[in-house]
Amino acid sequence: MMTGENVPLSLHVPEPEWRPGDTPDYSGIDIPKAGSVRRPEVDEDPQTMRELAFTIIRVLNRRGEAVGPWAGELSDDDVAAGLRHMMLLRAYDARMMMAQRQGKTSFYMQHLGEEAIGCAFRKALLPGDMNFPTYRQAGLLIASGYPMLKMMCQVYSNEGDPVHGRQLPVFYSSKEHGFFSISGNLATQYIQAVGWAMASAISRDTKIAAGWIGDGSTAESDFHAALVFASTYKAPVILNIVNNQWAISTFQGIARGGSGTFAARGHGFGIPALRVDGNDYLAVHAVAKWAAERARRNLGPTIVEYVTYRAGGHSTSDDPAAYRPKRESEAWPLGDPILRMKAHLIALGVWSEERHKQAEAEVKDEVVAVQKEAEAIGTLHDGRRPSPRDMFEDVYADLPPHLVLQRQEAGY
Amino acid sequence: MAKMTMIEAIQGALDIAMGEDERVVVFGEDVGYFGGVFRCTAGLQKKYGRTRCFDTPISELGIVGSAIGMAAYGLKPCVEIQFADYMYPAYDQIVSEAARLRYRSAGEFTCPIVVRMPTGGGIYGAQTHSQSPEALFTHVSGLKTVVPSTPADARGLLIEAIRDPDPVIFLEPKRLYNGPFDGHHDRAVVSWTKHELGEVPDGIHVVPLGKAVTRRQGGDLTVLAYGTMVHVALAAAKETGVDAEIIDLRTLQPLDTEAIYASVRKTGRCVIVHEATLTSGFGAELAALVQRNCFYSLEAPVRRITGWDTPYPHAQEWDYFPGPTRVGSAFTETMEA
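Note that the structure is predicted; figures quoted are calculated from it, not measured.

Visitor: What exactly am I supposed to notice about the overall build of chain A here?
Guide: Looking only at helices and strands, chain A has twelve helices and seven strands in total. Overall, the C-alpha framework of chain A stretches about 75 × 60 × 55 Å when taken along its three principal axes. Expressed as a percentage of its 412 residues, the buried residues of chain A come to 50%. Within chain A, residue pairs in contact and separated by at least 24 positions form 76% of the contacts whose partners lie at least 6 positions apart.

Visitor: When you look at the environment of H85(A) in this model, what are you seeing that I'm missing?
Guide: All names here are of chain A. As for its position among the elements, H85 is in helix α1 (residues 76–101). H85 sits 57 residues away from I142 along the chain, and the two C-alpha atoms are 6.3 Å apart. Contact partners of H85, with chain neighbours within four places excluded, come to C119, G139, I142 and A143.

Visitor: How do you make sense of the pairing of strand β11 (residues 244–248) of chain B when you look at a structure like this?
Guide: Two faces make up the sheet, and in a regular strand the side chains alternate between them. All names here are of chain B. A large share of β11 lies buried, amounting to five of its five residues. In β11, alternate side chains face the same way, and those of A244, I246 and D248 on one face and E245 and I247 on the other are all buried. In this structure, strand β9 (residues 213–216) lies alongside β11, joined through three bridges in antiparallel fashion. Counted as the bridge partner of T214 is I247 from β11. As defined by bridge partners, strand β10 (residues 221–225) adjoins β11 across five bridges and the pair is classed as parallel. Across the sheet, T222 pairs through a bridge with E245, a residue of β11. The parallel pair β10 and β11, bridged by helix α8 (residues 228–240), forms a crossover whose chirality is right-handed.

Visitor: It is not clear to me how the confidence of the model for chain B should be interpreted in this structure. Could you clarify?
Guide: Note that predicted coordinates carrying low pLDDT should not be read in detail. In this model, chain B carries a mean pLDDT of 97, and residues with pLDDT of at least 70 account for 100%. At the level of chain-chain contacts, confidence expressed as ipTM amounts to 0.97, with global pTM at 0.98.

Visitor: Got a minute to help me understand the interface of chain B and chain A in this structure?
Guide: Interface size is often expressed as the accessible area that is lost when the parts come together. Listed by partner, the interface residues are 34 residues for chain B and 33 residues for chain A. At the level of secondary structure, the elements contributing two or more residues to the side of chain B that touches chain A comprise α3 (60–73), α4 (91–98) and α5 (101–104) of chain B. Here the side of chain B that touches chain A takes ten residues from α3(B), the largest share from any one element. Across the side of chain B that touches chain A, the residue classes break down as 16 nonpolar, twelve polar and six charged.

Visitor: For this particular structure, what's the right way to read helix α11 (residues 353–377) of chain A?
Guide: Each α-helix turn comprises 3.6 residues. Residues three or four places apart therefore point the same way. Residue and element names in this part refer to chain A. Between its first and last C-alpha atoms α11 spans 37 Å; for 25 residues at 1.5 Å apiece the expected length is 36 Å, and the two agree. The complete set of buried residues in α11 reads V367, Q371 and A374. Looking at the buried positions of α11, the neighbouring elements they touch are α1 and α4 (148–156). One or two residues past the end of α11 sits G378, with phi positive at roughly 160°.

Visitor: How do you make sense of the domain arrangement of chain B when you look at a structure like this?
Guide: Residue and element names in this part refer to chain B. According to the domain assignment, chain B consists of domain 1 (2–182 + 190–197) and domain 2 (210–336). Contacts between the two partners involve 27 residues from domain 1, matched on the other side by 28 residues from domain 2. Of all the secondary structure elements, the ones that give two or more residues to the side of domain 1 that touches domain 2 are α6 (134–138), β6 (144–146) and α7 (151–163). For the side of domain 1 that touches domain 2, the per-class residue count stands at twelve nonpolar, ten polar and five charged.

Visitor: Would you mind going over the sheet that holds β9(B) with me for this structure?
Guide: Backbone hydrogen bonds hold the strands of a sheet together, and the pairing may be parallel or antiparallel. Residues and elements named next belong to chain B. As summarised here, the arrangement of the five strands in space is β9-β11-β10-β13-β14, forming an open sheet in which the pairing is mixed. In this open sheet, the two edge strands, each paired with only one partner strand, are β9 and β14 (303–307). Geometrically, the sheet is characterised by an average inter-axis angle of 25° between neighbouring strands, direction not taken into account. Pairing geometry for β10 and strand β13 (residues 270–277), over three bridges, is parallel. Paired with V223 across the strands is V271, a residue of β13. Sheet strands in contact with α8 are β9, β10, β11 and β13, and its direction is about 170° off that of β11.

Visitor: Would you explain the domain arrangement of chain A in this entry?
Guide: As far as domains go, chain A holds domain 1 (37–314 + 326–381) and domain 2 (388–412). A separation of 37 Å is found between the C-alpha centroids of domain 1 of chain A and domain 2 of chain A.

Visitor: Looking at this model, I keep getting lost on unusual backbone geometry. Mind explaining?
Guide: Both trends apply: most residues other than glycine have a negative phi, and most peptide bonds are in trans. Cis peptide bonds are those with omega within 30 degrees of zero, and the linkage from Q253(B) to P254(B) qualifies with 0°. With respect to the helices and strands, the residue P254(B) is situated in the loop between β12 (251–253) and α9 (257–267). Even without being a glycine, R204(A) presents a positive backbone phi close to 55°. Along the chain, R204(A) turns up in the loop between α5 (188–202) and β2 (209–214). Unlike most non-glycine residues, I248(A) shows phi in positive territory, near 45°. Here I248(A) shows up in the loop between β4 (246–247) and β5 (250–251).

Visitor: Help me understand helix α1 (residues 6–20) of chain B in this model?
Guide: All names here are of chain B. Here α1 contains 15 residues, and its C-alpha end-to-end distance of 21 Å stays within 8% of the 21 Å for a straight helix at 1.5 Å per residue. With eleven of its 15 residues buried, α1 lies for the most part within the structure. Along α1, the residues that are buried comprise M6, I7, E8, A9, I10, Q11, G12, A13, L14, A17 and M18. Among the structural elements, β2 (24–28), α2 (44–48), β4 (76–80), α7, β7 (168–173) and β8 (199–200) are those in contact with the buried residues of α1.

Visitor: Sorry, what's going on with the environment of M18(B) here?
Guide: Residues and elements named next belong to chain B. Topologically, M18 is positioned in helix α1. Taking the C-alpha atoms as reference points, M18 and E333, separated by 315 residues in sequence, lie 48 Å from one another. For M18, the contacting residues outside a window of four places in its chain are V24, V26, L44, Y48 and R52.

Visitor: I would appreciate a short explanation of the sheet that holds strand β7 (residues 302–307) of chain A in the present structure.
Guide: Residues and elements named next belong to chain A. An order of β1-β2-β3-β7-β6 is seen for the five strands of this open sheet, with the pairing classed as parallel. Looking along the sheet, the strands with just one partner apiece sit at the ends: β1 (130–132) and β6 (273–277). For this sheet, the mean inter-axis angle between neighbouring strands, taken without regard to orientation, is 20°. Pairing between β1 and β2: three bridges, direction parallel.

How each quantity is defined
- Residues numbered from 1 in each chain as written.
- Chains lettered and ligands numbered in written order.
- Predicted model: local features only at pLDDT ≥ 70, side-chain atom pairs only at ≥ 80, totals over all residues.
- Helix = DSSP H or I, 4+ residues; strand = E, 2+ residues; numbered from the N terminus.
- Buried ≥ 20, exposed ≤ 12 C-beta atoms within 10 Å, placed from the backbone.
- Contact = placed C-beta atoms within 7 Å.
- Pairing = 2+ DSSP bridges.
- Right-handed = clockwise from strand over helix to strand, strands pointing away.
- pLDDT = per-residue confidence, 0-100.
- Nonpolar A, V, L, I, M, F, W, Y, C, P; charged D, E, K, R; others polar.
- Expected span 1.5 Å × (residues − 1).
- Domains from an automatic or database assignment.
- Axes fitted to C-alpha atoms, helices over the stretch in contact; angles between N-to-C directions.

Okay, structure coming up:
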């Protein structure tokens, strides 16, 4: 007979509830009603708001109405502008995905289903604040008025590319627009955001920083270092976690492990953590404003987990049909951020199906016009491309002798 | 001119840098109130306040990662990694981030940080307190790597490193903190304060990055060394009677190739000495450069004397350390080749 000590151990490897061929069923997931989650004062003790890491803050209800304590921050014009930013981003993504398929660039990453997060968050910041984004936050640029032509030139790595063809497509950089240069080594930017925020506080400045990370890369050590430093020095930083359910083919349960939510990771550090409906522009904006106010009042960091869904592939190199049901996206219970915002504007009485169709056509025309302009400069393999001579610049502030020699050897 | 230890020279450099530029901030494990386990930051928190010199959690990744963010903001962080052996958790931040930020943003964001770390052995620190990882930095484009061998150089190079617009790895040979160590571990230690090389010029003394210095003129052979090994090579020259020309490289990147080539072309022989392991060490780079650029002047094969390709041992420290006997034999053999 086996005693307890002799029972063989077994390893637990988490597995999503459904895979290709299965029928996705989100009915077991508890989604609070819009307007039902309380809004604490920004200076409330983090210990008394721990429940906010286990719920979902939502503003837009099924009828498109903005309800509850997190509603009412934005004017009708702001809301209309928000919708337009999301539509622009979606149209831009569609054109760039197609351009990649046509061989005009090597690679692309779209935001399908996640447009609300970057677009709404940007509107909660002030000029001078700095984002440390991942590759799926171009909404921050669109909503800050960054020229789309520059974005396209970056994707095409042509002569108009602000980063001179050195980076993968979508790895934008704009200091002026509060968008830190993107790294492909996941999570590295999270601790840098904390450092930037510490520097602002050291300098007695008023600016704040925002770090961005995905559900999968919260497993990196950089995430934990960022939380320790943010907690210790009460850095004026918003630590955003975009939980889009999938890290390439790996479901979020692999990175999350036994903790209930990603937001709850903040509790061990004493950092207030809020979980928000990432497909609800108004909720994202309201929570971002709340966290920004905390940071600006020197109350320290806030963790925000955006519950959303990556409706497209990880990148143009990925086919989600290989690891998740094709209908999972349709079954996703938080809906589409653009359709929800459209319903809200209609409910407000300032929008209509016709106006929306017209706006879709306008947005597409705008993107196509910019695309023509970008392609007139060049694409990855055609037209005016950055000079190979430039490849040796900016390794150091001044070109060192050994690189002068190598440049000569390369023939430039 | 005053004689002082390398620790005092480094502390003074940090003091000068913080005094002349309020963007300079200093932080790391134990560096704040206590002043660092080697005392290199002593008194700085008291003088400049807790927000310019402070203790950090034990997270090398966090120290360097936050420094990069601060540099992107516009500060000039000079951080301490308690031992170079503890650097590895920060390596991704150093290699993928600090070194590439200027390049990948086309100069929009830059990373003027200095990462100081005690390096090398000779203190019975075994494999976690003795490593010399310089080649892991010189292999990375975008970094500068500095290794001083005297208090005056430590002072002048550190001030220059902090002023530099690019990330600088500043490796401090810990066996040289208190005195010039020639490898004779069984003899009494001479303090810098009683040694001719302990002199540090008063005021703001600067040594440019990328300029080697000849520590001993000679006609027989050229020795390329840096850090502790400069003093070992000096002892070996004296003890063997070989008229070695000893070049102290001071900075490995940028490298003073002109000084190297001029000396090797004159002597026709070259011995490279470093404490780090042999294979793919910085000596391999030096040997390749000398071979390519001084081939027709060479009268003997280029020789490397280094630590063995093993982890740094504890009890066998002096069998591992390339001391004056091994270095001296290499001199003699190279003269006979």
